[in-house]
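Report on the structure
Below, each chain spelled out in residue letters.
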Amino acid sequence: MKIKANLISGRTADQGAHLEAKTHKGYFDACAYCELNSADLERLGASEGDSLKVTTEFGEVVVFAKANEGNPEGLAFIPMGPWANAVLSPDTHGCGMPGFKGVPAEIEVTDEKPLEMKALMRKYLED
Amino acid sequence: MPVIKDAVCSLCGSLCDDITVTVEDNKITKIENACILGQSKFVGMFKHDRIETPMIRKDGELVPVPYEEAIEAAAKILVNSRRTLSYGWCSTSCEAVSGAIQLAEETGSVIDSTANVCHGPTALAAQEKGAPSATLGEIKNRADVIIFWGCNPVHAHPRHMVRYSSFSKGLFTEKGRKGRKMIVVDVRKTDTAKLADSYIEIEQGSDLLLVTALRSIVNGHEDVIPETIAGVPKAEVLELAETLKNAKFVCIFFGMGVTQSRSKYKNGDAMSSLISDLNQHTKAVMIGMRGHYNVTGFGQVATWETGFPMAIDFSKGYPYYNPGETGANDLLVRGEPDAAIIAAADPGAHFPQKAIRHLAKIPVIQIDPYANPTTEIADVVIPSAIVGIEAEGTAYRMDAISLRMKKLIESKFKTDEEIVKDLTAKVRELKRGA
């Protein structure tokens, strides 16, 4: 089962508290997840902590599922960081700012596990 | 046991200047008044992954080298590059920014700040329409209506509401939160929205529609508003416009929800026009919720030194500025830079994949206290002292008020300012040799 979602990213307190500790597991825990509301998680057949694959026209990334009832249905949130940026839009529309909010995404449950920060960055060197 | 009062927290743009720090044996052992972000900053420096020595990538691995060797390698990269991107410089002092601009001029580089992925569109909007603003002190003392639009201070600026906005008590706002109306406009019910008197949930990417509708109403044209606009019922929009017009002093704090969503800088542009319209009825101001503690300072220093706040291209021999062309992400996505120097910022974590892919292909010099995703793709790494803890310097708060950051403890590391000076001297020496 796949769902379509509108993907945004943003700050969280945990992400901010790890701004200068990005090699730590705490940073991975603070950023490598995707928040959806419970109805969307149910449609996916996913529980909190399951792996989700998020795909956009710019790439794909595996992150953990998290519930947030503050999100309206169809709105997905990944904290700012390398996992979100693996799938957000590099297009700046001529004003310098990439598209960090409002990227159409497809989300599905996967058996794969999220890559840790260093492994994720190594992929850029190998590309 | 020295206790240092009124230290300035060098994490977010709130730049809280009331931190009490206890130092024992050159270590910070106690912090008072800081939020979770500040705590992590002050205490974390003894726990986080410090870059202990300069390094150069050899056969794919970063290998420790003496400081002079790293400076020479970095200077060679800069001298041999035809199109260098200098990026970041926002979690450091204005003095370091000034040095970085000089180095960019010397090397004909493009220099851009973290505003490129933050409030860059706000700077564009301010140039197009102006940014009617006030100090945070004015807001604290006078604002009776506070809007948080597309921002979430509970998470991103945790003490902002207590020190400067919704919960603070001031000269004419002695009732604090009870005497103020707090409104949140956002696409999801954030922890900030949960504290608001009213929460207006808009459809993601439709900020411009809502701002324009508010302008129409404030200007006496509510008849043109459809029954629902930006996902918000007309009655709610009318009520919001009424609240704004009848306020004594309005401040709209806005964040990435406004700058990163569809319409980008046009959202800030429209917001500025709304503020101007409101000033026909009452006093109204706007302030961008700046992220890095001195991103505002970069804009200030760059503007007084070059005429532009960011994305400044020195390749023509004079400062040239066009953010959609000379912004860090535009350059990288086009695959233009053949080298990059990155300081006090982390594009590895915060740039989209296409930009990082290009960074991974070119020589990258990193100057930073901590290892982070950018380190993984860097070729020369130079560790630096932490400004506001191990080095003093000037920073600008989000309302463009400058504050002096204190040095709290001794450090073995050179400051960003010193590193930039050494690099500039070495670049000049190599150029003379050539």
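Residues numbered from 1 in each chain as written. Chains lettered and ligands numbered in written order. Predicted model: local features only at pLDDT ≥ 70, side-chain atom pairs only at ≥ 80, totals over all residues. Heavy atoms only, no water.

As recorded in UniProt, the sites labelled "domain: Molybdopterin oxidoreductase" (unreviewed entry) are residues 50-423 of chain B. Taken end to end, residues 50-423 of chain B comprises 39% helix and 20% strand; its first and last C-alpha atoms sit 21 Å apart. (UniProt positions renumbered as here; feature names shortened; annotations may be inferred. Helix = DSSP H or I, 4+ residues; strand = E, 2+ residues; numbered from the N terminus.)

Let us now look at the sheet that holds strand β2 (residues 19-24) of chain B. Residue and element names in this part refer to chain B. One open sheet accounts for three strands, arranged β1-β2-β3; its pairing is antiparallel. Two strands close off the open sheet at either side, each with one partner strand: β1 (3-7) and β3 (27-32). Between one strand axis and the next, the sheet turns through 25 degrees on average, direction left out of account. Where helix α1 (residues 36-44) meets the sheet, its contacts fall on β2 and β3, and the angle it forms with β3 comes to roughly 165 degrees. (Pairing = 2+ DSSP bridges. Axes fitted to C-alpha atoms, helices over the stretch in contact; angles between N-to-C directions. Contact = heavy atoms within 4.5 Å.)

So, about the sheet that holds strand β14 (residues 283-288) of chain B. All names here are of chain B. Strand order in this open sheet of five strands is β10-β9-β8-β13-β14, and the pairing throughout is parallel. The open sheet has two edge strands, β10 (198-201) and β14, and neither has a second partner. Shown here is a sheet whose adjacent strand axes are inclined to one another by a mean of 15 degrees, direction ignored. The pairing of strand β13 (residues 249-254) with β14 spans six bridges and is parallel. Considered in β14, the bridge of Phe249 is made with Lys283. Lying over the sheet, helix α9 (residues 234-246) contacts β8 (145-149), β9 (181-186), β10 and β13, oriented at roughly 130 degrees with respect to β8.

With that out of the way, let us pick up the packing of helix α4 (residues 120-129) of chain B against helix α11 (residues 265-278) of chain B. Residue and element names in this part refer to chain B. Running from N to C, α4 and α11 point in directions that differ by 45 degrees, and their axes come no closer than 8 Å. By the criterion of interaxial angle, the relationship of α4 to α11 is oblique. Considering the relative orientation of α4 and α11, their crossing is right-handed. Each of Pro121, Leu124, Ala125, Glu128 and Lys129 in α4 lies in contact with α11, whose residues at this interface are Tyr265, Lys266, Gly268, Asp269, Ser272 and Ser273. (Parallel < 35°, antiparallel > 145°, perpendicular 65-115°, else oblique. Left-handed = near helix turned anticlockwise from the far one by under 90°.)

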